[in-house]
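Inside the fold
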Amino acid sequence: MSASRRSGTTDELGPDEPDPERDGPDGADLLAALLDGMDAALCAFDADGVVTHWNREAERILGWTAAEAVGRRGLAGWAVRTADAEDVETRLMTAMQAPGRQVHEFALLTKDGGRVLVRTQSAAVHGPDGKPAGVYCAFSEVHTQIDLERSIALSEALFEDASWGVVLVDADLRPAVVNAHAARALGTGRTAVLGRPLGDLLSQGVEELESALTHVLAEGAPPAPAEMWVSVRTAEGEKRRCWRSGFLRLASPLAEEPVPLGVGWLFQDVTEAKQTEQEAALLRFRTNQLHRAARAAAECEDPGEAATVHLDFSLAGFADHALIDRVAGGPVADGDRDGDGPPVRLVRAADTPSGAPGPSLLVGKAELPVWYTEGHPALQCVERAGSVRASAGVADAERAREWALARQWPGDAVHALCAVLRSRGRTLGVVTFLRGAGRSQFERADAVYAEDVAVRIAAALDLAGLAGPTGER
């Protein structure tokens, strides 16, 4: 047992006894501060049911101050209706003998006579001898508790069962939490993603994504979802995907001022829908171009000019260059093509300017054949009477230029598509479309469009008699 140092005694203070002359709060002040700082309402009872503690959150919910509550025996008549008091107090006090915490719901009275439905958690308070000395009860309004439980349940559901990707990105733009759907979309496991830079997961589109995340951290959530094209690194290689993404800035609810904790990123894979949408838009555009070209060609007096009109209209959004080669000596019927005859030769009939943009021009009045080597895509096209695609592949710029010039095409051509010109069961020539390095290779859908254009050009050339010697009508 210790005594005050002011009394002149020399007893030492025990390790658990406060020094009254030391600065700082004593145990009672610290306990009061802790109780009043709690987010939950709290009251405590001794073994006889007398209220011993009552914090500010309890005062806020019920209106009774600590001075009015502490010292009262039980809750009857002031915090609980008299008719309900026995049941409520019995449930609270049984926590002294029960292990762990007990959860109950019941109605309490406010100071102004209203009723509040609360959810309580009560547990025994043990004395120094280890025996129950009372009970404490933490309570909150039921709707507040339900809101909290819903928030927790929503969070758990998002990270377990959501049918879209959910990623929590920290302030350093690195994934901190990833749900199963997002991990599958990123081609890796949930734990393997954590803490890694986004550049390790995405080969393309990472700059756009990081820019969006940085904006959300600084300015807040955007007003609408954003669609982003990315390339995901997977064990099978890179996969091009379109993700419709929404972003939410996360701030700590415990800070007086919003402190950004990171960004909540939610996304859905809409690649198939976007590709279908793009294909439909492309089909509408190309159909419209064919219609416009037909209308313009119908106003041409010269059928040869009509052929170049079709060629010019087809280039928009499709190719960088185009040229028309006709069969030297006139059209070739299907029965005339055999292995014993002379090889087919082609004469340039029209092409687009290779230096500067401009309309296609009719050429080839000298009737000189184009020097195409054996196996040239245009010659293959005539022999097969079908479309042929060719590409320089991944060659460097100099080799790609050599590849194009060796085939008598402009030096910036990298991808080619040859479509046969057929009219009245005869082969009139070939139309060749060329793309530069800034465009993708020709696909099957491109070949279908080129064949539609070739049918119209062939009809115009047949009408003009350009399949024979120049000037023949």
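Under the defined criterion, the tally for this structure stands at 2 cavities of 30 Å³ or more. A volume near 60 Å³ is recorded for the largest cavity. Counting only elements with at least two residues in the lining of the largest cavity, the list comes to β1 (41–46), β3 (102–109) and β5 (132–141). Grouping the amino acids of the lining of the largest cavity by side-chain chemistry returns 11 nonpolar, 1 polar and no charged.

For helix α10 (residues 303–315), with 13 residues, the first-to-last C-alpha span of 19 Å sits near the 18 Å given by 1.5 Å per residue. Among the 13 residues that make up α10, 10 are buried, leaving the element largely enclosed by the rest of the structure. Turning to α10, its buried residues are Pro 303, Gly 304, Ala 306, Ala 307, Thr 308, Val 309, His 310, Leu 311, Ser 314 and Leu 315. Looking at the packing, one finds that the buried side of α10 touches α9 (271–298), β12 (321–327), β14 (346–351), β15 (361–362), β18 (426–435) and α13 (444–464). A distance of 3.0 Å separates the backbone nitrogen of Gly 304 from a side-chain oxygen at the start of α10, and that oxygen is part of Asp 302.

Where two aromatic rings form a pair, the distance of their centres and the angle of their planes describe that pair. Inspection of every chain in the model, using the stated rule, returns 9 aromatic pairs. Judged by centre distance (5.0 Å) and plane angle (75 degrees), the ring pair of Phe 318 and Tyr 449 falls under edge-to-face. Pair noted here: Phe 318 is in the loop between α10 and β12 and Tyr 449 is in helix α13, with a separation of 131 residues, a long-range link. Under the relative-accessibility criterion, Phe 318 is labelled buried at 1%. Residue classification places Tyr 449 among the buried residues on the basis of a relative accessible area of 5%. Taken together, Phe 318, Phe 433, Phe 442 and Tyr 449 form an aromatic cluster joined through their ring pairs.

The subject of this paragraph is the side chain of Ser 423. Relative to the helices and strands, Ser 423 resides in strand β17 (residues 415–423). Under the relative-accessibility criterion, Ser 423 is labelled buried at 12%. At a separation of 2.8 Å, a polar atom in the side chain of Ser 423 contacts the side chain of Asp 462. Residues within four places of Ser 423 in sequence aside, it is in contact with Leu 428, Ala 458, Ala 459 and Asp 462.

Our next topic: the sheet that holds strand β7 (residues 175–178). Reading across the sheet, the 6 strands line up as β7-β6-β11-β10-β9-β8 and stay open at both edges, with antiparallel pairing between neighbours. A single partner strand is all that each edge strand has here, and the edge strands are β7 and β8 (202–204). Neighbouring strand axes in the sheet, compared pairwise and without regard to direction, differ in orientation by 40 degrees on average. Note that strand β6 (residues 165–169) and β7 share 3 bridges and pair antiparallel. Within β7, the residue paired with Leu 168 across the bridge is Val 177. Lying on the sheet, α9 is in contact with β9 (226–234), β10 (237–251) and β11 (260–269); it crosses β9 at an angle near 120 degrees.

For soluble globular proteins, the rule of thumb is that nonpolar side chains tend to be buried together. Ranked by internal contacts, the top residues of the largest apolar core, which has 30 residues, are Phe 318, Ile 324, Leu 421, Val 431, Phe 433 and Ile 457. Where this core is concerned, the elements lending two or more residues are α9, α10, β12, β14, β17, β18 and α13. Counting 26 residues, the second-largest nonpolar core is a separate cluster that includes Ile 61, Leu 75, Ala 95 and Cys 137.

What follows covers the sheet that holds strand β4 (residues 115–126). Here we have 5 strands laid out as an open sheet, ordered β2-β1-β5-β4-β3, and antiparallel in their pairing. The sheet is open, and its two edges are formed by β2 (51–54) and β3, each paired on a single side. Strand-to-strand twist in this sheet, taken as the mean axis angle between neighbours without regard to direction, amounts to 30 degrees. Here β3 pairs with β4 via 8 bridges, running antiparallel. Its bridge partner lying in β4, Leu 108 is registered against Val 116. Sheet strands touched by helix α4 (residues 82–93): β1, β3, β4 and β5. Its angle to β3, the strand with the most contacts, is close to 150 degrees.

Take the confidence of the model for the protein next. Of the residues in the protein, 88% have a pLDDT of 70 or more, and the chain-wide mean is 84. Taken element by element, the predicted model of the protein shows its lowest mean pLDDT in helix α1 (residues 27–36) (71) and its highest in β17 (95). Note that residues 1–18 has pLDDT below 50 and, in this model, 12 contacts with residues that lie over four places away or in other chains. Here residues 466–473 scores under 50 on pLDDT; set against residues more than four positions off or in separate chains, the count is 22 contacts.

Rules used throughout
- Residues numbered from 1 in each chain as written.
- Predicted model: local features only at pLDDT ≥ 70, side-chain atom pairs only at ≥ 80, totals over all residues.
- Heavy atoms only, no water.
- 1 Å grid on protein atoms, 1.4 Å probe; cavity = no way out; pocket = protein on both sides within 12 Å on 5 of 7 lines; lining within 4 Å.
- Points joined across faces, edges and corners; volume = space filled by probe spheres on them.
- Helix = DSSP H or I, 4+ residues; strand = E, 2+ residues; numbered from the N terminus.
- Nonpolar A, V, L, I, M, F, W, Y, C, P; charged D, E, K, R; others polar.
- Expected span 1.5 Å × (residues − 1).
- Buried < 20%, exposed > 50% of the residue type's maximum accessible area, 1.4 Å probe, protein only.
- Contact = heavy atoms within 4.5 Å.
- Polar contact = N/O pair within 3.5 Å; in protein donor to acceptor, adjacent residues only side chain to side chain.
- Phe/Tyr/Trp six-rings, centres within 6.5 Å; stacked < 30°, edge-to-face > 60°.
- Pairing = 2+ DSSP bridges.
- Axes fitted to C-alpha atoms, helices over the stretch in contact; angles between N-to-C directions.
- Core = buried A, V, L, I, M, F, W, Y, C linked by side-chain atoms within 4.5 Å.
- pLDDT = per-residue confidence, 0-100.

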